[in-house]
Amino acid sequence: MSEQTVSKNFIENIIDKDLEEGKYEKIITRFPPEPNGYLHIGHAKSILLNYGIACEYGGKFNLRFDDTNPTKEKEEFVDSIIEDVKWLGADFRGEVLFASNYFDQMYEAAIKLIKKGKAYVDDLSADEIRQYRGTLTEPGKNSPYRDRTIEENLQLFEDMKDGKFEDGSKVLRAKIDMASPNINMRDPVIYRIARMTHHNTGDKWLIYPMYDFAHPIEDAIEGVTHSLCTLEFEDHRPLYNWVVEELEYPNPPKQIEFSKLYLTNVVTGKRYIKKLVEDGVVDGWDDPRLVSLAALRRRGFTPESIKTFMELSGISKSQGSSDYAMLEYCIREDLKPKAPRYMGVLRPIKLVIDNYPEGQTEEFEIENNQDSEEMGSRKVTFSRELYIEEDDFMEEPPRKYFRLFPGNEVRLKGAYFVKCTSFEKDENGKVTVVHCTYDPETRSGSGFEGRKVKGTIHWVNAADAVKAEVRLYENLIDEEKGKLNEDGTLNFNPNSLEVLESRLEAASGNLKPGEHVQFIRNGYFVVDIKDSTENHMVFNRVVGLKSSYKPS
């Protein structure tokens, strides 16, 4: 029997080669978020890739916060990120690491570079540094402070640490090459003065390392073998390599870039989301219309669906966009065998069966999920007054409309045939009650083989229906009309949320926050984990039932 060919991505091929050549004994990867906001769907790609690689090669996965910029960092973001990583199932073995725990080693690393003549204290302002840096077509020029002696630089850097200079008055820069074609190598700033309280180290430090300097040091300290990051860091790789080489780390980590995940018709930019939150347009960072991981979790997406989505999206060096419809396909496929299928009437109107005995109630046995026999069945009550969807009745129907209209007969799912005889309207001309008669010979499961009907509609018994708030979501923006308006604001879809007062079958009242259900003909829903209470149930529609997306 021939062996099955296993297709590997380009990162796995690089790692295989490194292991064959004996460069590393154990593979170590990491997810290194900055705690300055909530994670979104794009971060899930990095988490699952880094964790997946570690698992595949029997290695280790680190969760490490790149907390080198206290101006934007909060404990709230640290806590939310830890929760997100756990939710996705990436096991960091309970050990949360922080770049700030290595500040002493980073300071010593900077001293080492100064002593090697590879770093200097510069008095140029931020604007002057930009002017001296040059352009993509013109080389930069050396700072007048570039040739300070090692002794002077050591003393000045110590004075920076001890708070003898004002914020912004001096920086420490790497001494590389002001004529480099890569602007990142033109003597980048590696330390700045900043009198700020840090969420982890408090007021211990008055100077903080820059990200491009700190990151390779963190990786090297932790023994990370492959630093997997997105393509915008490709131009930073020469600086990453310069840092670990000049600091003479044994078996230095290797940076490998992959394409970011872009998703159509969503907002991921922290600046835009922050504005939507502050303006009250959305209900916080976890609003189900967003694609932060907290929002996706609240919307009802599952870790399994996101993992499948990432597998379908693939890993490559080529930048492209993934269709939101593919993410919806993944959650449908995940919930299809898992979620019970109940009846829920989202926009209810009353259905009265005039010839059904008043005060009588009977029960019908209905399967919980036709695709999963092991989920069993439940009993659903039936009586004279029911609720049906308002669009399951039309006074003057178009051709090929097979639901209720005057004189037409349909099957009530799992129950009886009913024929529409009349209807009532309110003062605004809106239909509020539909009257029918039923045929007791047509009871579901009775073996009735008489006349046929073309339409089957769902219903809910009015006497024990669960009253619930149901939230229907659409895209927050429409990229076909342009993501941004002319003034730079988001082209927000004012119809992105519709709130309904619905009626659901009695079994729905037993669902707990976070549990899923399919309301037949209406889609998959989840009990909201934030707003739903025992006395006021709230359901979010995760996704509709139909999709035009076909997996390749």
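Please refer to the structure placed before this passage.
Residues numbered from 1 in each chain as written. Predicted model: local features only at pLDDT ≥ 70, side-chain atom pairs only at ≥ 80, totals over all residues. Heavy atoms only, no water.

> For the overall build of the protein, give the residues involved together with the corresponding values.
Helix and strand content of the protein: 12 helices and 27 strands. Along the first, second and third principal axes, the C-alpha atoms of the protein reach 100 × 65 × 40 Å. A total of 552 residues make up the protein; the buried ones form 50% of that total. Long-range contacts, defined here as pairs at least 24 residues apart, represent 70% of the contacts in the protein between residues at least 6 apart. Put simply, the protein shows about 26,500 Å² of open surface, and 46% of that area lies on carbon and sulfur atoms. Across the protein, 75 positive and 97 negative side-chain charges occur, with their mean positions spaced 2 Å apart. (Helix = DSSP H or I, 4+ residues; strand = E, 2+ residues; numbered from the N terminus. Buried < 20%, exposed > 50% of the residue type's maximum accessible area, 1.4 Å probe, protein only. Contact = heavy atoms within 4.5 Å. Areas by Shrake-Rupley, 256 points an atom, 1.4 Å probe, with all protein chains shown as cover. Lys, Arg positive; Asp, Glu negative; His and termini not counted. Charge placed at Lys NZ, Arg CZ, Asp CG, Glu CD.)

> Summarise the packing of aromatic side chains; cite the residues concerned and give the values.
Applying the stated criterion to the full structure yields 24 aromatic pairs. Measuring from ring centre to ring centre gives 5.8 Å for Phe-103 and Tyr-208, while their planes differ by 70°; the resulting arrangement is edge-to-face. One end of the pair, Phe-103, is in helix α4 (residues 103–115); the other, Tyr-208, is in strand β7 (residues 207–209), with 105 residues separating them in the sequence. Note on accessibility: Phe-103 and Tyr-208 belong to one class, buried. Pairing Phe-417 with Phe-448 gives two aromatic rings, centres 5.7 Å apart and planes at 85°, and the pair type is edge-to-face. Of the two residues, Phe-417 sits in strand β19 (residues 417–425) while Phe-448 sits in the loop between β20 (431–439) and β21 (456–457), which places them 31 residues apart along the sequence. We classify Phe-417 as buried; its relative accessible area is 4%. The class for Phe-448 is partly exposed, based on a relative accessible area of 27%. Stacked on the ring of Tyr-132, the Lys or Arg Lys-141 has its end atom at 4.7 Å from the ring centre. Between Lys-170 and the ring centre of Phe-165, over which it is positioned, the NZ or CZ distance is 4.6 Å. (Phe/Tyr/Trp six-rings, centres within 6.5 Å; stacked < 30°, edge-to-face > 60°. Lys NZ or Arg CZ within 6 Å of the ring centre and 35° of its normal.)

> Quick rundown of unusual backbone geometry? Include the residues and the values.
Here the phi dihedral of Lys-400 falls at roughly 65°; this positive angle occurs in a residue that is not glycine. Along the polypeptide, Lys-400 turns up in the loop between β17 (385–389) and β18 (409–412). Taking relative accessible area as the criterion, Lys-400 reaches 68% and is therefore assigned exposed. One non-glycine residue, Arg-521, lies in positive phi territory at about 75°. As for its placement among the helices and strands, Arg-521 is situated in the loop between β25 (516–519) and β26 (523–527). Overall, the relative accessible area of 39% leaves Arg-521 in the partly exposed class.

> Give a detailed account of the pairing of strand β2 (residues 60–65), specifying residues and quantitative values.
With five of six residues buried, β2 is to be regarded as a mostly interior element. Pairing geometry for strand β1 (residues 28–31) and β2, over four bridges, is parallel. Looking at β2, one finds that Phe-31 is bridged to Leu-63. Pairing of β2 with strand β3 (residues 96–98), which is carried by three bridges, proceeds in the parallel orientation. Residue pairing for β3: Phe-65 is matched across the bridge by Phe-98. Of the crossover connections in this fold, the one passing from β2 over helix α3 (residues 75–87) to the parallel β3 is right-handed. (Pairing = 2+ DSSP bridges. Right-handed = clockwise from strand over helix to strand, strands pointing away.)

> Talk me through the side chain of Asn-62; I want residue IDs and the actual numbers.
Following the sequence through the fold, Asn-62 ends up in strand β2. Under the relative-accessibility criterion, Asn-62 is labelled buried at 4%. A distance of 3.0 Å separates the side chain of Asn-62 from the side chain of Glu-222, its partner in a polar contact. Excluding residues within four positions of it along the chain, Asn-62 makes contact with Ile-28, Thr-29, Arg-30, Phe-31, Leu-97 and Glu-222. (Polar contact = N/O pair within 3.5 Å; in protein donor to acceptor, adjacent residues only side chain to side chain.)

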